[in-house]
Amino acid sequence: MKKTFVTLDEVREIVKTYPTPFHLYDEKGIRENAKRVYDAFSWNPGFREYFAVKATPNPFLLNILHEQGCGCDCSSMTELMLSEACGITGEEIMFSSNDTPVEEYRKAADLGAIINLDDISHIEIVEKELGSLPETMSCRFNPGGFYKLSNGIMDNPGDSKYGMTEEQIFEAFQIMKKKGVKHFGIHAFLVSNTVGNDYYPTLASTLFKLAVRLKNTCGVHISFINLSGGVGIPYTPDGVGADIAKIGAGVHEAYDRILVRNGMDDVRIFTEMGRFMMGPYGCLVTKAINEKHIYKEYIGVDACAANLMRPAMYGAYHHITVLGKENAKCDHKYDVTGSLCENNDKFAIDRFLPKIDLGDYLVIHDTGAHGFSMGYNYNGRLWSAELLKKEDGSVELIRRAQEPKDYFSTFDCFPIYNKLV
Ligand SMILES: *Cc1c(COP(=O)(O)O)cnc(C)c1O
């Protein structure tokens, strides 16, 4: 059974101040998990997790992760600005972007961020914009073909838009070395939401071997390997979570076997996890406000895909707990829907749940990453608030709910704005 980190009594208390729907985050869970990540890689003194800001771009949460030792992985101007505002700058920022507008390279460089190039053609672009290349540069690698792990084919990098071919990465390192770059990094992100503990160790072997070849061929100093994101979480109740200690040990084994043996014992390991850092430590709390009996049984809630797009976009499973009915029999089959005029606006389809009564509070699990942040404003539906359950159990507002004035704010230079607000 999947457990919630908030109880019915707590929600009844919270809604006196902050009405549903809202995303709620669990500070204790976030901190404990971050500690486990740092423990798992403590064998590598230079290890750093760069939290993928896009997963949960909230300064309060970025600050918590920063206190735990994490930096920021940014890929847009506003993500860079957010990181800067949190005082997370310099080499604590990894700028892993693609299809990058040149002014974002300028901003990243001004902040002293590490620039991770997605394409060889951007060497020239960055050099032209900055006058010269920074001393430390990273390149994103795409091995092409299919990426296989012991449990089968995982994904198809040959079909993905990211990174450089192996040939290009050799050429890129040679060009950058000539242009004065001193420290090099290699990055790859090949598979999302992986299950099991194989992905990082396998990817690490691939990148470590590439690093040895690059060092030997180009005579460059490889200062870090960035394993990026992709470590999964169990969304379903029968899913098994990744064991980060085992994953860290697997990467350690490959490190000793490949890098240390080749005299490369000063390489730092970086990660850019989003989902694994935050996913389980956030949930969407919503209220049943309508029921409908036609060809199927529907429960309408006060949240919609504007607050959580993953089910509509990917058909993703998010577990649902009806608060106060945790131990009741799941003997009613429902579609749980939002209000968008889009038939894919369903948090669950044919889901067996306890009998739901109007006014019941539903917790939609594992929305802490790629949840709120994918929100949009279709149908003029507004973003919810974000709340933090602190370690002492108190609840703090960390983003207010959007109001109509926010939705209309881009009309503020037109006369109609005054009629709207
Ligand atoms: C999305 C993304 C991540 C985080 O991915 P998760 O699956 O959330 O771990 C890391 N790095 C880059 C470059 C990304 O685009």
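Anything mentioned here points back to the structure above.
A. Representation of the side chain of Glu-49. Tracing the backbone shows Glu-49 in strand E2 (residues 48-52). With no salt bridge to any partner, buried Glu-49 finds its closest opposite charge in Arg-48, at an N-O distance of 9.7 Å. Among the polar contacts listed, one links the side chain of Glu-49 to the backbone nitrogen of Met-273, at a separation of 2.9 Å. When neighbours within four sequence positions are excluded, Glu-49 is seen to be in contact with Tyr-38, Cys-70, Gly-71, Thr-271, Glu-272, Met-273 and Met-277.

B. Structural context of the nonpolar core. With 88 residues, the main nonpolar core has Ile-169, Phe-173, Met-176, Ile-186, Phe-208, Ile-222 and Ile-225 as its most contacted residues. Sorting elements by how many residues they give to this core places helix H8 (residues 199-218) first, with eleven residues. Two domains each donate at least three residues to this core, and these are domain 1 (14-21 + 282-411) and domain 2 (24-279). Ignoring sequence-local partners within four residues, the contact set of Phe-208 consists of Ile-225, Val-251, Ala-254, Tyr-255, Ile-258, Leu-259 and Ile-269. Core analysis: the next-biggest nonpolar cluster, separate from the first, contains 16 residues, Ala-303, Leu-308, Phe-347 and Ile-364 among them.

C. Just empty space enclosed by the protein, in detail. Applying the stated criterion across every chain, the model contains two cavities of 30 Å³ or more. Roughly 40 Å³ of volume is contained in the largest cavity. As for the largest cavity, its lining consists of Arg-140, Phe-141, Asn-142, Pro-157, Ser-160, Tyr-162, Phe-189 and Leu-190. Classifying every residue of the lining of the largest cavity gives five nonpolar, two polar and one charged. If you add up the space inside the second largest cavity, you get close to 30 Å³. Taken together, Thr-194, Gly-196, Asn-197, Asp-198, Tyr-199, Tyr-200, Val-231 and Ile-247 make up the full set of residues lining the second largest cavity. For the lining of the second largest cavity, the per-class residue count stands at four nonpolar, three polar and one charged.

So, how was this worked out
- Residues numbered from 1 in each chain as written.
- Predicted model: local features only at pLDDT ≥ 70, side-chain atom pairs only at ≥ 80, totals over all residues.
- Heavy atoms only, no water.
- Helix = DSSP H or I, 4+ residues; strand = E, 2+ residues; numbered from the N terminus.
- Buried < 20%, exposed > 50% of the residue type's maximum accessible area, 1.4 Å probe, protein only.
- Lys, Arg positive; Asp, Glu negative; His and termini not counted.
- Salt bridge = Lys/Arg side-chain N within 4 Å of Asp/Glu carboxyl O.
- Polar contact = N/O pair within 3.5 Å; in protein donor to acceptor, adjacent residues only side chain to side chain.
- Contact = heavy atoms within 4.5 Å.
- Core = buried A, V, L, I, M, F, W, Y, C linked by side-chain atoms within 4.5 Å.
- Domains from an automatic or database assignment.
- 1 Å grid on protein atoms, 1.4 Å probe; cavity = no way out; pocket = protein on both sides within 12 Å on 5 of 7 lines; lining within 4 Å.
- Points joined across faces, edges and corners; volume = space filled by probe spheres on them.
- Nonpolar A, V, L, I, M, F, W, Y, C, P; charged D, E, K, R; others polar.

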